[in-house]
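One-letter residues, chain by chain:
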Amino acid sequence: MPLTLVVLALWALAFLACNTVISVRVWRITGLPRRRRALPGLLLCAGVGASLSRATGFTALAETLAFPLYVATAAIGLFELRRHRTRSSRLDDPGALT
């Protein structure tokens, strides 16, 4: 097995693990509505489903949908985390309420 394939597989596993961590962290934010908390997890599940469709022979579905769904998971999850972080830091600042 060539080294580039191993590096690519490790990068893909790291990206999937990062998306999973982001989805779980967004799910644990209790101040968000349920649909916004669930969106990164649902996108991640859809991406995994599209990736698993490669095993059944539908490679076109996996090639067109899997990676964009993973990127959308990361983008939306990081957006929600950053938004929550700025809101909670703004509320903790005593000078922000005056």
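A. Region of the structure containing the pattern of salt bridges. Evaluation of the coordinates by the stated rule reveals one salt bridge. We note a salt bridge from Glu 80 to Arg 36, for which the minimum N-O separation is 2.8 Å. On the criterion of sequence distance, the pair formed by Glu 80 in helix α3 (residues 59-92) and Arg 36 in helix α2 (residues 34-56) is long-range, its members being 44 residues apart. For Glu 80, a relative accessible area of 6% gives the class buried.

B. Structural context of a positive patch on the surface. A grouping of Arg 25, Arg 28, Arg 82 and Arg 85 is seen on the molecular surface, where their side chains present a positively charged patch. Residue class for Arg 82 comes out exposed when judged on its relative accessible area of 53%.

C. Layout of the packing of helix α1 (residues 3-27) against α2. In the contact formed by α1 and α2, the axes pass within 8 Å of each other and the chain directions differ by 160°. Relative to α2, the element α1 is oriented roughly antiparallel. As α1 packs across α2, the resulting crossing turns out to be left-handed. Residues Leu 16, Asn 19, Thr 20, Ser 23, Val 26 and Trp 27 of α1 form the contact with α2, whose participating residues are Arg 34, Arg 36, Arg 37, Ala 38, Pro 40, Gly 41, Leu 44 and Val 48.

D. How the structure looks around the side chain of Arg 37. Structurally, the position occupied by Arg 37 is in helix α2. Discounting chain neighbours no more than four positions away, the residues touching Arg 37 are Val 26, Trp 27, Ile 29, Thr 30 and Leu 32.

E. Expanded view of the confidence of the model for the protein chain. Overall, the predicted model of the protein chain reaches an average pLDDT of 90, with 92% of residues at or above 70. The least confident element of the protein chain, judged by mean pLDDT, is α3 at 91; the most confident is α1 at 95.

F. Seen up close, the environment of Ala 46. Inspection of the secondary structure assignment puts Ala 46 in helix α2. Accessibility expressed as a relative area gives 36% for Ala 46, which makes it partly exposed.

G. Looking closely at the packing of aromatic side chains. As enumerated under the stated definition, the model contains two aromatic pairs in all. Seen from their ring centres, Trp 11 and Phe 15 are 5.3 Å apart, and the 5° between their planes marks the pair as stacked. In this pair, Trp 11 and Phe 15 both sit in helix α1, four residues apart, roughly one turn of the helix. For Trp 11, a relative accessible area of 48% corresponds to the partly exposed category. Counting every residue linked through ring pairs, the aromatic cluster contains Trp 11, Phe 15 and Phe 67.

Calculation notes
- Residues numbered from 1 in each chain as written.
- Predicted model: local features only at pLDDT ≥ 70, side-chain atom pairs only at ≥ 80, totals over all residues.
- Heavy atoms only, no water.
- Salt bridge = Lys/Arg side-chain N within 4 Å of Asp/Glu carboxyl O.
- Helix = DSSP H or I, 4+ residues; strand = E, 2+ residues; numbered from the N terminus.
- Buried < 20%, exposed > 50% of the residue type's maximum accessible area, 1.4 Å probe, protein only.
- Patch = residues over 30% accessible without salt bridge, like charges linked within 9 Å, V, L, I, M, F, W, Y side chains within 5 Å.
- Areas by Shrake-Rupley, 256 points an atom, 1.4 Å probe, with all protein chains shown as cover.
- Lys, Arg positive; Asp, Glu negative; His and termini not counted.
- Charge placed at Lys NZ, Arg CZ, Asp CG, Glu CD.
- Axes fitted to C-alpha atoms, helices over the stretch in contact; angles between N-to-C directions.
- Parallel < 35°, antiparallel > 145°, perpendicular 65-115°, else oblique.
- Left-handed = near helix turned anticlockwise from the far one by under 90°.
- Contact = heavy atoms within 4.5 Å.
- pLDDT = per-residue confidence, 0-100.
- Phe/Tyr/Trp six-rings, centres within 6.5 Å; stacked < 30°, edge-to-face > 60°.

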